[in-house]
Structures are given as C-alpha cells and as structure tokens.
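A structural walkthrough
In case you want the letters, here they are:
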Amino acid sequence: MIKFIQQLINGTSIGFVYALIAIGYSLIYSILSFSNFAHSTFIIAGAYTGFFLLTAVSLPLPFSLLGAIVGGILIAVFAEKVAYRPIRERGNPTLYFIIASMGMSIFGENIVIATIGPKFRSYPPILSVTAYQIGGISISVLDIMAAVVGSIFLLMLMYVVNKTRQGMAIRAAAFDLETVGLMGVNTNQLISLVFLVAGALAGLAGFFLGMKYTVFPQLGNLTMKAYVAAVFGGLGSLPGAVIGSVFLGIIETIIAGYFSSTLRDIFVFALLILVLLVRPSGLMGAKREDKV
Amino acid sequence: MGYLLGIMTLICCNIIVVIGLSLLTGFTGIFSFGHAAYMAIGAYSAAILTTKLGVPFVLALIVAVMIAALAGRLIGIPTLKLVGDYFAIAMLGLGETVRLLLDNGGKLTGGARGFGNIPGKTAFPIAFVIMVFSVIVMRNIIGSRYGRCFLAIREDELAAECCGIDTYGLKKTSLTISAAFGGLGGALFAHYITYIQPIMFDMAKSTEIAAAVVFGGLGSLSGSIIASIILIGIPEVLRPLYQWRLVFYGLLLVGTIVLRPQGLMGGREFTIQGLKNAAQWVQEKIPGRGKGEKR
Amino acid sequence: MSILKIEGLTKVFGGLTAVSNLNISIPQGRIYGLIGPNGAGKTTVFNMITGIYQPTRGIVEAEGKSLAGLKPNQIAQAGVARTFQNLRLFKKLTALENIIIAGQYNTKYNLVTAVLQNRAFKEEEKRLRQEALQLLDLVGLSEYAEYKASNLPYGHQRRLEIARALALKPKILLLDEPAAGMNPEESLALMGFIRDIKDKFGLTILLIEHHMEIVMGICEHIVVLNFGVEIAHGSPEEIQNNSEVITAYLGEVEKDDAAS
C-alpha cells in the first residue's frame with residue numbers, strides 16, 4: 001500500500017510536468033490546428049538555459065528558474081515569428097506547418113549535440129536530494145516544488161484564458177481564427193502571446209525535467225508523452241490536457257514500478273493508438289466536424 | 001573510380017526511396033517521418049531471403065517489395081483514418097518500432113550488431129537500370145488518374161471526396177506504392193553495402209529522405225531526384241562534418257518551407273523543353289550574346 | 001415522382017439541433033431554393049445530403065434509392081453533385097485537371113495498365129480530356145483550360161466549380177451560394193447560366209442563396225429555414241408575402257425565440 005501511495009505521488013509529480021508541456025502544445029493546436037513538434041526545442045531551451053545559469057553563472061535557484069522560462073519564451077516566440085508566421089501569411093496548408101515544426105525539432109536537438117555535445121549533464125543537487133519522510137513515504141522537495149509552481153502557472157493560465165480579454169480572444173480564436181481577425185483582434189499579436197505562454201510553460205517543464213533527471217539533447221523527446229497526454233485528454237481542451245497528463249504520469253509510474261520501464265513506454269504508445277482509434281477527438285475534446 | 005561508382009550506386013538506391021516518399025508527401029499531401037522503416041523492411045527481407053534462404057537476388061527483390069508494400073498497406077488501414085499530424089506521429093512511432101523490432105530480432109536480424117555477409121549483388125549498372133525503371137513507373141502512375149486523385153486529395157480532401165474519389169482507399173494506395181518503393185530501395189541498398197544495421201534506418205535516415213522530398217519541391221518528381229543526388233552526394237563527400245548533417249537537414253526543412261516552399265523545382269518538372277527555355281532566357285540576359293536584345 | 005426526397009431530416013450537434021425534421025421533395029427538372037438567415041442550418045442540410053454528416057434522424061432518397069450510410073464519394077457517383085459556399089477548387093491544378101478529376105470516376109483502367117500505358121489507358125485518357133474540354137467549352141472557360149484554378153477571376157472560379165460538379169454527370173445538383181461575392185451583373189449572368197445548364201444536362205437543382213433576386217428569379221419553389229426549422233415553403237410570391245419569413249429576416253427578438 002505504501003509503495004502504491006509512493007507511486008501515486010511520484011506519478012502525480014511527473015504528471016504535472018507533462019501538463020506544463022501538454023497545455024502549451026494543446027493551446028497552439030487549438031489556435032493553429034497543427035501539432036507543434038518544435039515544442040521539444042522550447043523544452044531543451046529551458047533545460048539548458050537553467051542548467052547554465054545554475055552552473056556556469058551560479059545564479060540562485062529562483063533566478064535560474066526564471067531564466068529557463070525566458071529561454072523557452074525566446075525560442076518559442078522566435079520560432080513563431082521566423083517560421084510559422086510566413087507560412088501562415090501565405091495561407092499554406094497544415095502540411096507545411098508540420099514539416100517546418102518537425103524540421104525545427106530536428107534542428108534544435110542536433111544543434112545542441114553539435115555545439116554543446118551529446119553528453120548527459122546533471123543539474124547541481126540543490127533540491128532533489130532533500131526529501132520529507134512521512135510514514136515511510138518520501139516526498140522530495142523538488143516534487144513539491146514542481147507541483148506547487150506548476151499548479152500556480154496552470155491556475156494563472158486558467159484565469160487568463162477564462163477571465164481576461166486576451167483569454168477570451170484566445171478562446172474565440174480557437175473556434176475561428178479568421179473571424180477573430182475580422183473582429184479587429186490583432187491575430188499576429190494573439191498568436192505571439194500563445195507562443196509566449198507555451199514557451200514559458202515548456203521552459204519551466206524543461207527546468208523541472210533537468211532537475212529531476214538530467215539535461216541531454218533528446219530531452220525534448222519527452223514531448224511525445226505530453227502529446228499523448230494532450231491527445232488522451234482531448235486536443236484543444238485545457239482541463240483535458242491537465243487531467244490527461246496527471247493520469248498518464250500516474251499510470252506510467254505504476255506500470256514502471258510494478259512491471260518494467262520498457263513496458264511503460266510501450267503502454268504510452270499503445271494508449272495513444274487506442275485513443276486515436278476509438279475516439280480521435282480525445283476523452284474531453286469536443287467532437288470536431290469539418291467546417292464546410 | 002570505385003569510390004565514385006559506390007556513391008552513385010548509393011544515390012540510385014536513395015532516389016528510389018525518395019520518389020516513393022515524394023508520391024506520399026509531395027503528391028498526396030501526407031507527411032511521413034518514419035519512411036526509413038519501409039526501407040529497413042525491404043533491406044532485411046531481401047537480405048534474409050538471399051543470405052539465409054538462398055533465394056535468387058531478383059526474386060528476393062520482388063518479394064521484399066511485396067513485403068514492404070503489404071506492411072505499408074496494413075499500417076495504412078488504421079493510421080490513414082487519422083488527420084495529418086496524428087499520422088505523422090504514428091509514422092514516427094512506426095520508425096522507432098521497426099528499429100526496436102530489428103534490434104531485438106535475435107538470430108533472424110542479427111540484432112543491433114547487424115546483419116552481414118549479404119551478397120554484393122547491387123552493381124552500379126543494375127542499380128541504375130532499376131532506378132530508371134522505377135522513375136518511369138512512378139511518372140506513369142502520377143500521369144494517370146491515380147496521380148490526379150492523389151493531387152486532388154492533397155489539394156482538398158473533402159472536395160476530392162465530393163468528386164467521387166474514395167480518398168481513404170486512394171490514400172492507402174499511395175502509402176502502399178510509397179512503401180513498395182522504399183522497400184525496393186532498401187533491398188538494393190542491402191545488397192550494395194552487404195552489411196546492414198538497424199541504426200542505418202533510424203530517424204536520421206527518415207529525415208534525410210523527407211528533406212530530399214521537401215527540398216526538391218513538393219509535387220515535383222524531377223525535383224526529388226535532383227535533391228536526392230545533392231543531399232545524398234554531399235554528406236558522403238563531407239564526412240568530417242557528419243555531426244552537423246542533421247542540423248543541416250533540419251535547417252533545410254524549415255528553410256525550404258519558409259523561404260521557398262515550392263522547393264528546388266517549384267512543382268514543375270525538369271524537361272528538355274524547359275532546359276531550352278532556360279538556355280534561351282540565359283542568352284537573352286547576357287548582353288552581346290545570342291539575340292542580344294531585351295524582351 | 002420526386003427525384004430528391006428528404007424526410008424528417010434532423011441533425012443534432014452535441015445538444016444543439018442544427019436541422020429539425022425537415023421535409024423537401026423535389027420533382028425531376030425543377031429548381032428549388034433553400035433560404036434562411038445565417039446559421040439557419042442550410043449548409044448542414046447539404047452536408048447531410050452529400051454524406052459529409054450522418055443525419056441524426058431522417059432519410060434522404062435520390063431517384064428512389066436511399067443514400068443512408070453511403071460515403072460522400074459514393075453519393076457523388078450516385079448522381080448527387082455539389083458546390084461549396086467557400087469554393088473548394090483544387091487550387092494548384094489547372095482548370096482542365098479540375099474537371100478531369102471529377103470526370104474520371106468510372107475510368108476503365110487499373111494501376112497496372114496505368115504503369116504500362118497500354119492502348120486502353122491512352123484511349124481512356126484521351127476520352128477524359130476531350131470530355132473535359134467539351135465541358136469547359138460549354139461553360140465558356142475553354143480558353144482558361146491550362147490556367148491554374150487559383151489564377152482564374154473569381155466569377156470564373158465559381159463557374160469552374162459548377163463545371164466540376166457537372167463532370168460527375170449528376171442528376172441532382174446542389175449549389176451552395178453560387179452568387180456569393182458577385183455583383184448584380186454577374187449574378188444576373190449566373191442566373192442565365194444555371195437555367196442553361198439545367199436544361200442542357202436535364203438537372204434537378206437545389207440551391208442555397210442569399211441574393212434574393214436570384215432566388216426569386218429562378219427558383220420555382222422555396223423552402224425557408226430558421227434555426228434549423230422550416231418556417232415556410234411555397235412559390236416565390238407566397239414566400240415574399242409570408243409575414244413569418246419577413247420577421248425571420250428582419251430578426252424580431254420575440255419571433256426568434258418562438259422559432260427556436
């Protein structure tokens with residue numbers, strides 16, 4: 001039982017990190033209707049920025065965390081401006097977005113390998129070693145921080161999306177970007193804002209992943225799991241992305257804990273395929289029919 | 001000379017794979033980032049047939065093509081119902097899955113260490129003839145009603161459906177043909193290189209194939225061919241920059257799509273007439289040459 | 001005997017009823033109009049007829065045969081062709097290719113003969129091309145045959161889309177706002193064009209339109225939808241004098257509530 005609770009806690013903590021990625025991914029999908037494979041680059045940007053600020057610059061933790069967020073934001077907004085905007089303005093099909101984002105993801109991963117190197121690098125052990133023991137269950141400070149900071153950001157985002165003018169514009173744009181533009185909203189600005197938010201969350205996630213595990217060029221590949229979570233929860237649905245992520249984190253940890261970690265990865269993709277086949281719009285996503 | 005001939009043989013194998021993906025992505029509008037998987041299926045099937053079962057080379061090629069085509073068909077049945085991005089994710093997963101299966105194939109595939117002693121049957125003339133033959137087959141497919149249906153699906157799937165086209169069925173056809181070409185290229189490759197490893201058909205290979213298609217210009221067969229020659233030829237010459245190869249491919253994908261989405265050939269085909277027009281254009285542009293007058 | 005019969009057609013999206021219990025029956029050779037304010041469910045009706053949406057309830061019959069469970073491509077081949085509100089041409093292909101694509105559904109060659117390019121293949125290709133050229137000629141676009149669809153003037157694109165639908169040799173033609181974005185002159189020309197093709201091809205036409213001069217000018221019978229519910233049907237004169245239709249269009253709040 002104690003082992004189970006422990007897995008539950010570990011799973012929830014990693015689930016929160018997935019949620020940070022999945023939310024941004026889902027947001028971009030809901031506005032531009034394509035899977036932003038370049039999300040992995042935003043994560044690496046955050047993870048490496050955080051790493052260098054902590055090690056080379058020796059900044060204190062909170063500033064390094066902020067730096068990681070800024071790193072994610074910069075890459076995300078840059079990617080949007082340089083690559084996606086020209087494609088959008090030409091009115092090119094979704095295929096072009098997919099190709100460009102895939103190209104960026106490959107570029108991002110390999111430029112890190114070519115310049116910084118393919119090695120795994122450990123974050124300095126600031127938080128990860130300290131853990132609270134409660135009746136045989138250990139909760140690391142890092143997990144608590146991931147859950148708390150993650151929740152704060154997610155709640156802030158929910159507030160922005162549901163209560164502010166910008167949020168309303170985002171929700172409307174998810175429904176019909178063109179019409180929102182006709183109503184006088186600056187869609188370029190709105191999309192930049194979405195990428196800013198997605199980049200910030202991805203940068204934060206990268207920082208947590210770096211602390212929890214290590215930093216390495218393929219770290220961004222974890223995005224795949226966030227995709228699965230986002231799809232599982234229903235693409236374009238923010239609460240769906242969070243619920244899907246936490247659910248995935250828990251199931252995954254339990255499978256890895258009781259069976260094996262190979263089985264865990266197989267399970268993740270099996271789940272994706274199952275969801276796609278049974279209910280392509282996800283568990284909580286609205287069923288979309290082609291607008292004619 | 002032997003070295004150059006080797007590169008040219010390799011280019012021929014790759015052209016076949018690239019025009020296969022060209023049909024799927026350039027002409028049907030379906031993006032795959034796991035196409036090296038079909039190449040691997042063809043390579044390993046043919047290698048097992050010739051090396052372990054003593055099947056003649058030509059027969060092994062044919063069977064390998066059929067196995068790859070069948071794999072494409074079966075994979076297409078569930079995945080082609082998905083929208084574009086999900087399909088791309090599924091193909092990415094497929095690429096990894098096939099590689100994992102080969103890694104763990106035990107004696108049959110030789111595992112991660114590889115599969116050796118494959119007879120070196122793919123001499124350059126053979127590769128060249130099969131490549132030319134493949135290009136002609138592809139050109140004829142594209143010029144037929146099948147090609148037009150693929151283009152219609154790429155342009156507007158719903159409209160295509162309302163024009164009486166069974167889009168799901170034809171997408172499966174496109175993937176099947178595309179996989180068959182991948183399998184053929186892979187089978188030839190295996191019998192040129194004589195030693196294959198799962199890692200040869202990894203994500204990097206898939207990226208290379210996709211980059212050639214995009215760089216050559218979506219919807220241009222000759223563009224795909226020219227791009228294959230450039231992209232496969234250059235890295236062979238620039239071995240020392242090996243680790244920058246994927247950086248370059250990534251940049252090439254984004255750069256082409258953002259700056260020149262029509263690619264090298266801009267959806268046009270390379271023809272003799274086109275060459276003449278271009279020559280004439282050049283002559284007109286150079287003062288004191290040719291007609292020497294501006295239009 | 002009606003050639004297109006719609007009975008009790010209903011579509012519910014989530015909790016929202018987009019079309020409710022619609023009945024339309026069109027006799028052979030007539031032009032019917034489907035009108036109503038924006039969001040009344042007109043295009044949804046087209047999408048159900050052409051198989052893009054599955055109706056929640058109700059039946060659609062073309063020439064006495066039920067279209068239930070057929071996919072859009074099968075319905076297109078069964079003789080029901082359509083155009084789209086926002087033009088869905090194959091933009092990067094030529095006008096000629098656009099037509100050939102719709103005309104080739106019953107081509108008699110397979111993949112193997114296509115690769116071999118045998119006699120049958122060449123003859124079929126020649127036939128497809130000739131038929132398409134004839135059709136382009138008929139709609140007055142023959143000089144644009146080799147133009148990319150997206151490079152045609154807007155009005156010609158509308159015409160090309162109709163021609164593409166005709167290439168399917170349909171019995172029933174559904175036109176979704178054919179005059180959208182046209183000036184009065186072009187609209188007038190379009191009216192003549194629609195009448196023309198109706199006679200030449202022996203068509204039965206159902207059209208959605210906001211330009212009232214067109215609807216009143218060519219439709220023999222009009223069905224008015226509001227919030228997915230039929231509020232009136234009849235001849236153009238009857239519709240013009242129907243008080244409920246007038247209020248629906250002027251948008252009286254109380255009436256809207258009553259209608260929904």
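Residues numbered from 1 in each chain as written. Chains lettered and ligands numbered in written order. Predicted model: local features only at pLDDT ≥ 70, side-chain atom pairs only at ≥ 80, totals over all residues. Heavy atoms only, no water.

1. Section: the pairing of strand S1 (residues 2–13) of chain C
All names here are of chain C. Direction of pairing for S1 relative to strand S2 (residues 16–27): antiparallel, over a ladder of eight bridges. Its bridge partner being in S2, Leu9 is matched across the sheet by Leu22. If you look at the hairpin formed by S1 and S2, you'll find two residues sitting between the two strands, and Gly14 has a positive phi there, around 55°. Note that S1 and strand S4 (residues 57–62) share five bridges and pair antiparallel. In the sheet register, Glu7 faces S4, and the bridge partner there is Ile59. (Pairing = 2+ DSSP bridges. Helix = DSSP H or I, 4+ residues; strand = E, 2+ residues; numbered from the N terminus.)

2. Section: the sheet that holds S1 of chain C
All names here are of chain C. A sheet is described by the order of its strands in space; here four strands give the open sequence S2-S1-S4-S5, paired in antiparallel fashion. With one partner strand each, in any of the chains shown, S2 and strand S5 (65–66) form the two edges of the open sheet. Contacts from helix H1 (residues 42–49) reach S1, S2 and S4, with the element oriented near 115° to S1. (Contact = heavy atoms within 4.5 Å. Axes fitted to C-alpha atoms, helices over the stretch in contact; angles between N-to-C directions.)

3. With respect to the interface of chain C and chain B
Between chain C and chain B, the residue contacts involve 30 residues of the former and 26 residues of the latter. Buried area between chain C and chain B, summed over both chains or domains, comes out near 2400 Å², and the portion from carbon and sulfur atoms is 63%. On the chain C side of the contact with chain B, Phe90, Leu111 and Val115 of chain C bury the most area, a combined 22% of that side's loss. Remark: the boundary between chain C and chain B carries three salt bridges. Its salt-bridge partner being Asp156 of chain B, residue Arg88 of chain C comes within 2.8 Å of it at the nearest N-O pair. Linking chain C with chain B are twelve residue pairs in polar contact (both at pLDDT 80 or more), by the criterion used here. Breaking the side of chain C that touches chain B down by element, the ones donating at least two residues are helix H2 (72–77), helix H3 (95–103), helix H4 (111–116) and helix H5 (119–138) of chain C. Grouping the amino acids of the side of chain C that touches chain B by side-chain chemistry returns 17 nonpolar, six polar and seven charged. (Buried area = accessible area lost by both parts, 1.4 Å probe. Salt bridge = Lys/Arg side-chain N within 4 Å of Asp/Glu carboxyl O. Polar contact = N/O pair within 3.5 Å; in protein donor to acceptor, adjacent residues only side chain to side chain. Nonpolar A, V, L, I, M, F, W, Y, C, P; charged D, E, K, R; others polar.)

4. Let's talk about helix H1 (residues 2–32) of chain A
Every α-helix carries 3.6 residues per turn, so stepping three or four residues along brings you back to the same face. Helix length check: H1 of chain A (31 residues) gives 44 Å between terminal C-alpha atoms against 45 Å at 1.5 Å per residue, within 8%. When you tally the buried positions in H1 of chain A, you get 23 out of 31 residues, the bulk of the element. (Expected span 1.5 Å × (residues − 1). Buried < 20%, exposed > 50% of the residue type's maximum accessible area, 1.4 Å probe, protein only.)

5. Concerning the packing of helix H1 (residues 2–27) of chain B against helix H9 (residues 203–216) of chain B
The packing of two helices is summarised by the inter-axis angle and the distance between the axes. Residue and element names in this part refer to chain B. One way to put it is that H1 packs onto H9 with a least axis distance of 9 Å and a crossing angle of 65°. Between H1 and H9, the interaxial angle falls into the category roughly perpendicular. Between H1 and H9 lies a crossing of right-handed hand. Every residue of H9 that contacts H1 at Asn14, Val17, Val18, Leu21, Ser22, Thr25 and Gly26 is listed here: Lys205, Glu208, Ile209, Ala210, Ala212 and Val213. By residue class, the composition of the contact of H1 with H9 is seven nonpolar, four polar and two charged. (Parallel < 35°, antiparallel > 145°, perpendicular 65-115°, else oblique. Left-handed = near helix turned anticlockwise from the far one by under 90°.)

6. Some remarks on the interface of chain A and chain B
For interface size, the figure often reported is the accessible area lost on association. Tallying the contact residues gives 37 residues for chain A and 30 residues for chain B. At the boundary of chain A and chain B, one finds zero salt bridges. At the level of secondary structure, the elements contributing two or more residues to the side of chain A that touches chain B comprise H1, helix H3 (61–89), helix H4 (94–115), helix H9 (223–233) and helix H11 (261–278) of chain A. Broken down by element, the side of chain A that touches chain B gets its largest block of residues, 15 residues, from H4 of chain A. Looking at the side of chain A that touches chain B residue by residue, the class counts come to 29 nonpolar, six polar and two charged.

7. Regarding the confidence of the model for chain B
All names here are of chain B. Looking at chain B as a whole, its pLDDT mean stands at 88, while 93% of the residues score no less than 70. Here helix H12 (residues 272–285) stands out as the least confident element of chain B, with mean pLDDT 73; helix H8 (residues 167–193) is the most confident, with 97. Confidence drops under pLDDT 50 across residues 288–295; counting only partners more than four residues distant or on other chains, this segment forms seven contacts. (pLDDT = per-residue confidence, 0-100.)

8. Digging into the pattern of salt bridges
Across all of its chains, the model carries 24 salt bridges over all chains by this definition. A salt bridge links Lys225 of chain A to Glu252 of chain A; the shortest N-O distance between them is 3.5 Å. Here Glu252 of chain A lies in helix H10 (residues 238–258) and Lys225 of chain A lies in helix H9, a separation of 27 residues in the sequence. We note a salt bridge from Glu161 of chain C to Arg164 of chain C, for which the minimum N-O separation is 3.8 Å.

9. Let's talk about the packing of helix H3 (residues 57–79) of chain B against H8 of chain B
All names here are of chain B. Following both chains from N to C, one finds H3 and H8 inclined at 145°, their axes separated by 7 Å at the closest point. The handedness of the crossing between H3 and H8 comes out as right-handed. Of the residues in H8, those in contact with Phe57, Leu61, Ala64, Val65, Ala68, Ala69, Gly72, Arg73, Gly76 and Ile77 of H3 are Tyr168, Lys172, Thr173, Leu175, Thr176, Ala179, Ala180, Gly183, Leu184, Ala187, Leu188 and His191. By residue class, the composition of the contact of H3 with H8 is 14 nonpolar, six polar and two charged.

10. Quick look at the confidence of the model for chain C
Residue and element names in this part refer to chain C. Per-residue confidence for chain C gives a mean pLDDT of 90, with 96% of residues at or over 70. Long-range and interchain partners of residues 252–260, a stretch whose pLDDT sits below 50, account for nine contacts in this model, where long-range means more than four residues apart. Across the interface, the model reports ipTM at 0.90; the global pTM reads 0.87.

11. A look at a positive patch on the surface
Residues Arg260 and Arg268 of chain B together with Lys92 and Lys148 of chain C make up a contiguous surface patch of positive charge. Looking at the secondary structure, you find Arg268 of chain B in the loop between helix H11 (245–259) and H12. Arg268 of chain B gets classed as exposed once you look at its relative accessible area, which sits at 56%. (Patch = residues over 30% accessible without salt bridge, like charges linked within 9 Å, V, L, I, M, F, W, Y side chains within 5 Å. Areas by Shrake-Rupley, 256 points an atom, 1.4 Å probe, with all protein chains shown as cover. Lys, Arg positive; Asp, Glu negative; His and termini not counted. Charge placed at Lys NZ, Arg CZ, Asp CG, Glu CD.)

12. So, the packing of aromatic side chains
Applying the stated criterion to the full structure yields 21 aromatic pairs over all chains. With 4.5 Å between their ring centres and 15° between their planes, Phe120 of chain A and Phe216 of chain A make a pair best called stacked. Residue Phe120 of chain A is located in the loop between H4 and strand S1 (131–134), and its partner Phe216 of chain A is located in the loop between helix H8 (187–212) and H9; the two are separated by 96 residues in the primary sequence. The exposure class assigned to Phe120 of chain A is exposed, which follows from its relative accessible area of 55%. Its relative accessible area of 16% is what places Phe216 of chain A among the buried residues. A centroid spacing of 6.2 Å and a plane angle of 80° characterise the contact between Tyr44 of chain B and Phe115 of chain B, whose relative ring orientation is edge-to-face. Placement of Tyr44 of chain B in helix H2 (residues 36–52) and of Phe115 of chain B in the loop between helix H4 (84–103) and helix H5 (124–142) is noted, with a sequence separation of 71 residues between them. For Tyr44 of chain B, a relative accessible area of 3% translates into the label buried. (Phe/Tyr/Trp six-rings, centres within 6.5 Å; stacked < 30°, edge-to-face > 60°.)

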